[in-house]
Amino acid sequence: MAKRQHTRLGLDAKGWRAELIDQVSGDRLGEVVNLSPGGLMLLTPYAVEIENLYQVECRATGPDGESKRFSAGLMVLWRSDANEPDAYWAGLQIIDIDAPSQADLLALSEAMASAQ
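Please read these numbers as outputs of a predicted model, since none were measured by experiment.

What to know about the pattern of salt bridges
Using the criterion set out here, one finds seven salt bridges in the structure. Residue E31 pairs with R17 through a salt bridge whose shortest N-O separation is 3.4 Å. Note that E31 is positioned in strand 3 (residues 28-36) and R17 in strand 2 (residues 17-22), a separation of 14 residues in sequence. Relative accessible area serves as the criterion here: at 17%, E31 is assigned to the buried category. Here R17 falls in the exposed class, since its relative accessible area comes to 52%. Residue R28 pairs with E31 through a salt bridge whose shortest N-O separation is 3.0 Å.

Following this line, the structure appears as structure tokens:
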């Protein structure tokens, strides 16, 4: 198995909350659990299929009410059942992100890393 290239940041532990919105359908895909510059883990009510592609907007809110957003193309790498009915964990890899969104993602990662 390949070694992770980036440190994952747990949002809840840092006082952040984030959700993914499917930019095609407008549906809320779920709650982001952790985030790195290469991808994220999602808690979702949908049984997303492995290798599905999504164009999303991530909307994050920090402990001080600050908000950050970025858009990206994601691919589902894995999915497993969560401990509650009709809930799933999913790992998604960022496969397409433009320069401004990459900068927004890095700013979000930095803000989360510096949160107490």
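Next comes the rest of the account.
Focus on the nonpolar core
Ranked by size, the top nonpolar core spans 24 residues in total, and within it L20, V32, L35, L40, L74 and L92 carry the most contacts. Every element with two or more residues in this core is listed here: strand 2, strand 3, strand 4 (39-44), strand 5 (53-61), strand 6 (67-81), strand 7 (88-96) and helix 1 (99-114).

Looking at unusual backbone geometry
Positive phi, close to 75 degrees, is recorded for E51, a residue that is not glycine. With respect to the helices and strands, the residue E51 is situated in the loop between strand 4 and strand 5. For E51, a relative accessible area of 58% puts it in the exposed group. One non-glycine residue with positive phi stands out, namely D86, at about 55 degrees. Locating D86 in the fold gives a position in the loop between strand 6 and strand 7. Given a relative accessible area of 62%, D86 falls into the exposed group.

Cut-offs used in this document
- Residues numbered from 1 in each chain as written.
- Predicted model: local features only at pLDDT ≥ 70, side-chain atom pairs only at ≥ 80, totals over all residues.
- Heavy atoms only, no water.
- Salt bridge = Lys/Arg side-chain N within 4 Å of Asp/Glu carboxyl O.
- Helix = DSSP H or I, 4+ residues; strand = E, 2+ residues; numbered from the N terminus.
- Buried < 20%, exposed > 50% of the residue type's maximum accessible area, 1.4 Å probe, protein only.
- Core = buried A, V, L, I, M, F, W, Y, C linked by side-chain atoms within 4.5 Å.

Limitation: the analysis is restricted to geometry and does not speak to function.
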